[in-house]
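Summary of the model geometry
Here are the chains, one letter per residue:
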Amino acid sequence: MRALVVYESLWGNTASIAQAIADELRSSMEVEVVDTDAAPTSADGYDLVLVGGPTHAFSMTRPSTRATAVAQHGAPMSPGRGIREWLDGLAQAPRGTRAVTFDTRVDRPRLPGSAARAAKQELRSLGFDIAAKQESFRVHDYGGPLVDGEVERARDWARGIARAVLAA
């Protein structure tokens, strides 16, 4: 089984979660991890696609929210293409390709909306079979760091994903 983990990260928090997920999945499958700027535009050759990004303005980032994150909140990087734009250019899913989504979001205040939920809907519209419920991982403030225990929680979540997709 081959998995592709695609992530968008501005402060490195989502990248850390993506890497933890990939590290856990590697115990049971071949895994490629790429940021959205380097991600392929087709899921051909992958059995499982995991997509993650930060939640901005209650959903996936936009060029304007990424620019604000850099200008007003000091984000050290801004991808040229976020998960929203990557999904817009992604080809229809090969039959039977499964997908799962995750996001990072501020712990306090608890705000509505989820990049993972929005990405899941986009993947479903592209013909992906959603393999599990989306998951959110918490960060302190805009730039993080991750809330204690979130990396381990990401590993546990990935372990459950692996069990589910391998059993199906």
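In this report, the structure presented in the accompanying data block is examined. Within any chain, residue numbers begin from 1 and follow the written order of that chain's sequence. The predicted origin of the model limits local features to residues at a pLDDT of at least 70 and limits the giving and counting of side-chain atom pairs to 80 or more, whereas totals for whole chains, interfaces and linings rest on all residues. With hydrogens and water excluded, all non-hydrogen atoms of the structure serve as input to the side-chain values.

On to helix H4 (residues 115–125), then. Buried within H4 we find Ala115, Ala116, Ala118, Ala119, Lys120 and Leu123. Two residues form a contact once any of their heavy atoms are found within 4.5 Å. In DSSP terms, a helix is any run of H or I states spanning at least four residues, a strand is any run of E spanning at least two, and both are numbered starting from the N terminus. Where H4 is buried, its residues contact strand E3 (48–54), helix H3 (83–89), strand E4 (98–106), strand E5 (129–130) and strand E6 (135–139). Within 3.5 Å is the distance limit for a polar contact, defined as a pair of N or O atoms, with the added protein rule that one can donate a hydrogen and the other accept it, and that residues adjacent in sequence qualify only through two side-chain atoms. Residue Ser114 occupies the N-cap position of H4, its side-chain oxygen lying 3.2 Å from the main-chain nitrogen of Ala116. Note on H4: the residue one or two positions beyond its end, Gly127, has a positive phi of about 95°. To sort residues, take the accessible area from a 1.4 Å probe on protein chains only and compare it with the maximum for the residue type: under 20% means buried, over 50% means exposed, and anything in between is partly exposed.

Expected span, for any helix, means 1.5 Å times one less than how many residues it has. With 18 residues, helix H5 (residues 150–167) extends 26 Å between its outermost C-alpha atoms, agreeing within 8% with the 26 Å of an ideal straight helix rising 1.5 Å per residue. Residues Glu150, Ala154, Trp157, Ala158, Ile161, Ala162 and Val165 constitute the buried set of H5. Across the axial projection of H5, the buried residues extend over an arc of 145°, all falling on one side. Turned more than 90 degrees away from the buried face of H5, the exposed residues are Arg163 and Ala167. Turning to H5, the residues buried within the fold contact helix H1 (13–25), E3, E4 and E6. In this description, one arc is meant: the one made by directions from the helix axis to the C-beta atoms.

Position of Pro94 among the secondary structure elements: in the loop between H3 and E4. The sequence separation of Pro94 and Gly45 amounts to 49 residues, and the corresponding C-alpha distance is 8.5 Å. Contact partners of Pro94, with chain neighbours within four places excluded, come to Ala43 and Asp44.

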